[in-house]
Amino acid sequence: MSLPGSTQDSRFASTLAPILQTLPDIAPIPLNSGEPDYYGASWEIADALSIRAPLPSRAAWSHGVTSRAALEKTARRNQCNLVFTESDARFLRMRGFPAQAVGAPFLYARNQQNPTRIPGSLLILPAHTTTHSTLDETASTLPQEVLELSRKASLTLACISGMCVEKGLWTSSFERIGIPWITGAWIFDRHALRRMRILFQLFDYLATNQTGSHLAYAAACGCRIFFTEDLLLLKRADYRQEPLYVQHPELLEGLPEDLDTFRSIIQRVYPTFTTGMDGASEQIEWGKSTLGDAFKRPASEMALLLGWRTDEAVSARYYAPGYLSTSTASDPSPETAPNNLDRAFAEQDARLNPIHWLTIFEESEQALADGDHARALHLTTEIKAARIPIRGVDRIRGLALLGQHQTEAARAALREELHLFPESPDTRERLKQIAPPPPPRKNPVSELDQIHDQIQNFTNLGRPQLQSLYELTKAICAEDVPGHFVECGVGAGGSVALMAYLIKHYSRRPRQIFCFDSFNGMPEPTDLDRHLPDGQSARIVGWGAGTCHAPQRNLVDLCNSLGVLPVVRPVQGQFHDTLPRWRNIIGEIAFLHLDCRWHDSTQICLDHLYDQIQPGGSIHVSDYGIWQGCRQAIHEFAAERQLNFQLHGIGPDRQGVWFQRS
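1. Remarks on the pairing of strand β13 (residues 513-517)
Next, step 1: With 5 of 5 residues buried, β13 is to be regarded as a mostly interior element.
Next, step 2: Along β13, one buried face is formed by I513, C515 and D517 and the opposite face, lined by F514 and F516, is buried too.
Next, step 3: Taken together, the 4 bridges between strand β12 (residues 484-488) and β13 define a ladder with parallel strand orientation. Directly across from V486, in β13, lies its bridge partner F514.
Next, step 4: In the classification by handedness, the crossover that spans β12, the intervening helix α22 (residues 494-506) and the parallel β13 is right-handed.

2. Digging into the sheet that holds strand β9 (residues 274-275)
Next, step 1: Ordered in space as β6-β5-β4-β7-β8-β9, the 6 strands form an open sheet in which the pairing is parallel. Each of the sheet's edge strands pairs with one partner strand only, and the pair in question is β6 (181-183) and β9.
Next, step 2: As paired strands, strand β4 (residues 118-125) and strand β5 (residues 155-160) are joined by 4 bridges and run parallel to one another. When the bridges of β5 are listed, L122 appears paired with T156.
Next, step 3: Helix-sheet contacts for helix α1 (residues 13-22) involve β5, β6 and β7 (203-208), and the interaxial angle to β5 is about 65 degrees.

3. A word on the pairing of β4
Next, step 1: Pairing of β4 with β7, which is carried by 5 bridges, proceeds in the parallel orientation. Note that in β7 the partner of I124 across the bridge is A207.
Next, step 2: Handedness of the crossover joining β4 and β5 through helix α5 (residues 142-150) is recorded here as right-handed.

4. Concerning the side chain of H484
Next, step 1: Mapped onto the fold, H484 is located in strand β12.
Next, step 2: A distance of 2.9 Å separates a polar atom in the side chain of H484 from the backbone nitrogen of Q512.
Next, step 3: Each residue touching H484, except ones within four places of it in the same chain, is listed here: P510, R511, Q512, F514, I586, E588, I589, A590 and F591.

5. Some words on the sheet that holds strand β1 (residues 59-61)
Next, step 1: Reading across the sheet, the 3 strands line up as β1-β2-β3 and stay open at both edges, with parallel pairing between neighbours. The outermost strands of the open sheet, each flanked by one partner alone, are β1 and β3 (99-101). For this sheet the average axis-to-axis angle between neighbouring strands, irrespective of direction, equals 20 degrees.
Next, step 2: On top of the sheet, helix α4 (residues 86-93) reaches β2 (80-83) and β3; it is set at about 170 degrees to β3, its chief contact.

6. A look at the packing of aromatic side chains
Next, step 1: In total, this model carries 18 aromatic pairs according to the counting rule given.
Next, step 2: The interplanar angle of 65 degrees and the centroid separation of 6.2 Å between the aromatic rings of F514 and W582 together place this pair among those described as edge-to-face. Of the two residues, F514 sits in strand β13 while W582 sits in helix α24 (residues 575-586), which places them 68 residues apart along the sequence. The same class applies to F514 as to W582, namely buried.
Next, step 3: Where F516 meets W582, the ring centres are 6.5 Å apart and the plane angle is 85 degrees; that geometry is what we call edge-to-face. In this pair, F516 sits in strand β13 while W582 sits in helix α24, placing the two residues 66 residues apart along the sequence. The same class applies to F516 and to W582, which are both buried.
Next, step 4: Stacked on the ring of W543, the Lys or Arg R397 has its end atom at 4.6 Å from the ring centre.

7. A closer look at the packing of α22 against helix α23 (residues 552-561)
Next, step 1: Packing of α22 against α23 brings their axes to within 9 Å, and their N-to-C directions diverge by 30 degrees. In terms of orientation, α22 lies roughly parallel with respect to α23. The two elements α22 and α23 meet at a crossing, and its hand is right-handed. Residues G494, V496 and A497 of α22 touch α23, and the partners they reach there are L555, L558 and C559.
Next, step 2: Counted by class, the contact of α22 with α23 contains 5 nonpolar, 1 polar and no charged residues.

8. Describing the nonpolar core
Next, step 1: Among the nonpolar cores identified, the biggest contains 157 residues, and F200 and F516 are the most heavily contacted of them.
Next, step 2: If you tally residues by element for this core, the top one is helix α8 (residues 192-202), at 7 residues.
Next, step 3: If sequence neighbours within four positions are ignored, F200 has contacts with F106, R117, L123, L125, L206, H214, Y217, A218, C221 and C223.
Next, step 4: The next biggest cluster of nonpolar side chains, apart from the first, holds 32 residues, and it includes L448, F485, V490 and L562.

9. Some words on the side chain of S424
Next, step 1: Of note, S424 is situated in the loop between α18 (407-420) and α19 (425-433).
Next, step 2: Residue classification places S424 among the buried positions, given a relative accessible area of 9%.
Next, step 3: With residues up to four places along the chain from it excluded, the contact list for S424 reads R391, E417 and L418.

10. Some points on the packing of helix α17 (residues 393-403) against α18
Axis angle and axis distance: for two packed helices, these are the angle between their axes and the distance between the axes, and together they describe the pair.
Next, step 1: Between α17 and α18, the least distance of the axes is 8 Å, while the angle of their chain directions is 170 degrees. The orientation of α17 relative to α18 falls into the category roughly antiparallel. Of the residues in α18, those in contact with V393, D394, R395, R397, G398, L401 and L402 of α17 are T407, A409, A410, A413, L414, E416, E417 and L420.
Next, step 2: The residue inventory of the contact of α17 with α18, partitioned by class, reads 8 nonpolar, 2 polar and 5 charged.

11. Re helix α16 (residues 373-386)
Next, step 1: For α16, which comprises 14 residues, the first-to-last C-alpha distance of 20 Å matches the rise-based estimate of 20 Å (1.5 Å per residue) to within 8%.
Next, step 2: Of all the positions in α16, only A376, L377, L379, T380, T381, E382, I383 and K384 are classed as buried.
Next, step 3: Following α16 by one or two positions, R387 adopts a phi angle in the positive range, close to 55 degrees.

12. Some remarks on unusual backbone geometry
Next, step 1: Cis geometry marks the peptide bond from L532 to P533, where omega comes out at 5 degrees.
Next, step 2: The topology assignment puts P533 in the loop between β13 and α23.
Next, step 3: Positive phi, close to 65 degrees, is recorded for R597, a residue that is not glycine.
Next, step 4: Here R597 is to be found in the loop between β15 (589-594) and α25 (599-609).
Next, step 5: Look at R597 and you get buried, because its relative accessible area is 11%.
Next, step 6: If you check the backbone angles, R654 has positive phi at about 50 degrees while not being a glycine.
Next, step 7: By the element assignment, R654 lies in the loop between β17 (648-650) and β18 (656-660).

13. A short note on the confidence of the model for the protein chain
Detail in the predicted coordinates should be disregarded across regions flagged by low pLDDT.
Next, step 1: Taken over all residues, the pLDDT of the protein chain has a mean of 87, while the share at 70 or more is 92%.
Next, step 2: The low-confidence segment residues 310-352, where pLDDT is below 50, has 65 contacts with residues more than four positions distant or belonging to other chains.

14. Comments concerning the pattern of salt bridges
Next, step 1: Counted under the stated rule, the structure contains 25 salt bridges.
Next, step 2: The salt bridge partner of K152 is D278, with a shortest N-O separation of 3.7 Å. With K152 in the loop between α5 and β5 and D278 in the loop between β9 and α12 (284-291), the pair connects residues that are 126 residues apart, well separated along the chain.
Next, step 3: Among the residues examined, K152 registers a relative accessible area of 52% and is labelled exposed.
Next, step 4: The class of D278 is exposed, set by a relative accessible area of 61%.
Next, step 5: Among the salt bridges present, the one from E301 reaches R297, with a minimum N-O distance of 3.8 Å. Each of the two residues, E301 as well as R297, counts as buried.
Next, step 6: Taken together, the salt bridges that share partners define one network made up of E44, D47, R110 and R194.

So, how was this worked out
Residues numbered from 1 in each chain as written. Predicted model: local features only at pLDDT ≥ 70, side-chain atom pairs only at ≥ 80, totals over all residues. Heavy atoms only, no water. Buried < 20%, exposed > 50% of the residue type's maximum accessible area, 1.4 Å probe, protein only. Helix = DSSP H or I, 4+ residues; strand = E, 2+ residues; numbered from the N terminus. Pairing = 2+ DSSP bridges. Right-handed = clockwise from strand over helix to strand, strands pointing away. Contact = heavy atoms within 4.5 Å. Axes fitted to C-alpha atoms, helices over the stretch in contact; angles between N-to-C directions. Polar contact = N/O pair within 3.5 Å; in protein donor to acceptor, adjacent residues only side chain to side chain. Phe/Tyr/Trp six-rings, centres within 6.5 Å; stacked < 30°, edge-to-face > 60°. Lys NZ or Arg CZ within 6 Å of the ring centre and 35° of its normal. Parallel < 35°, antiparallel > 145°, perpendicular 65-115°, else oblique. Left-handed = near helix turned anticlockwise from the far one by under 90°. Nonpolar A, V, L, I, M, F, W, Y, C, P; charged D, E, K, R; others polar. Core = buried A, V, L, I, M, F, W, Y, C linked by side-chain atoms within 4.5 Å. Expected span 1.5 Å × (residues − 1). pLDDT = per-residue confidence, 0-100. Salt bridge = Lys/Arg side-chain N within 4 Å of Asp/Glu carboxyl O.

What follows is the structure, encoded as structure tokens:
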């Protein structure tokens, strides 16, 4: 099963050569997991995670723009339905279907080339057929119209769908009039989305005689789109063998049967698109909005939503349950993996199934609506511990904490929602409503005030602790204490950015700040990890495993915006894995900031790093007055080493402390 990448007519070789050089070759694939594999979508996720081949998916991922009626008919109750936008997800959830907004598969196409757009170039996308539908091109005047349009264009190329190429449609028509063609999207092509993205970035104009998802794809990439005078209407009879319409014939009633109706639909649905090349304009924002660009997820989250699972013992690569035995840590072979498919998923623990967690999420929504804040908090804490990324979980957790009058904790949870899902306007507005009043400012505005304005949404530390970090960092730079800075427990990176800014502007020697975090949320707390002063367990108060989750991109973007990224060195992983390997790389330490909450985490950091702190160096512990386990670890370490730490409380409530190496 293979297709040519373009016309084989030698007349067009020199024209096509530079374009073909920018495109990946067509790579045929089987559709083992159905729709998630269409056009190579799941391969893009696998490639982003450095996996040789996609794992079997147990989710439905809409690959094209569709009507609400068709969306409901094709949705599945026993799988996670991945759709473009939150409004579509909400539509399905209201009808009892588990659904999550993740954006269109096209958005995940890897963009390696970033080609330079060819001014005045014209790409033609004629109407396409499918495996089961029919198409009669003989009545179309599109080739003649394209010939006229080509006289206005600097370069004209027809992009014919893989299925049409396979059936021999359109290819001869364009060759006869001297227009070269290239193979476009083919459902069986691993690189289909990637090829189309490059073409839409390369060409200036797009002309088409049919509606479809390609309009949004091209618009999002900056193409100027217009409809040709010749419109090709596929009628109901053309679709009667299509499986969707065989199963749901009532959907055929929504298809137009005459060109006048078709034109009126186009004018209503696409009012900003012209007919003809003159006046065609960019519609980038429309394209991105239609495709759900705001809801695009990191590849790691998509892997989980698709039903893949992570095995931390094998460098956080993604595997379906059952592929790996406890005795091996090698990648599953794509050739042999399908043989294990039935057994693997038959043995899958329900608690690894995203559908299970979407059900829990809906229960938490209902608990919050019922005013049962304790239950809503309990359910969302369970979801966080499972590390299943679901939009809205931290918002519900924050509102539940607010209902229990834990305002500062509620702010932290709402910030966490925004770190994971930045496009959450309701959450952003709620956070503004409960923000503390800003402290009075001196004139002129202090340096710390200026930095605070930029980092305040990226840290859970209060002003007293930030003031302490500010003063200690400047003092170490002024006194020229040798060594690097280390922070354990980075979160979204606000305190790192503060220290990195001061290092850049005040340090008298080259330094880096090493940033240790899982960037996947907190590890499991123990019985020692109780909230002060009430002594309640971490999970009861809403701060169990998986909380404080902020992807590394937050740290990188923040530090980049402050111009301090070269000072910052993120290290991802669990402390017990990373610190033994990195301690010698770090060498001398001038300042250690511990913001890791739990007893065991604090203990591991001190065991591995304390001896490298130089005379005059300091340790800042943010959670000493908040979490019993953290406080206990400090005193146990001092007793074991027979050290006498002179603890300096931070702020009126001594939530944090700092001390110098004894």
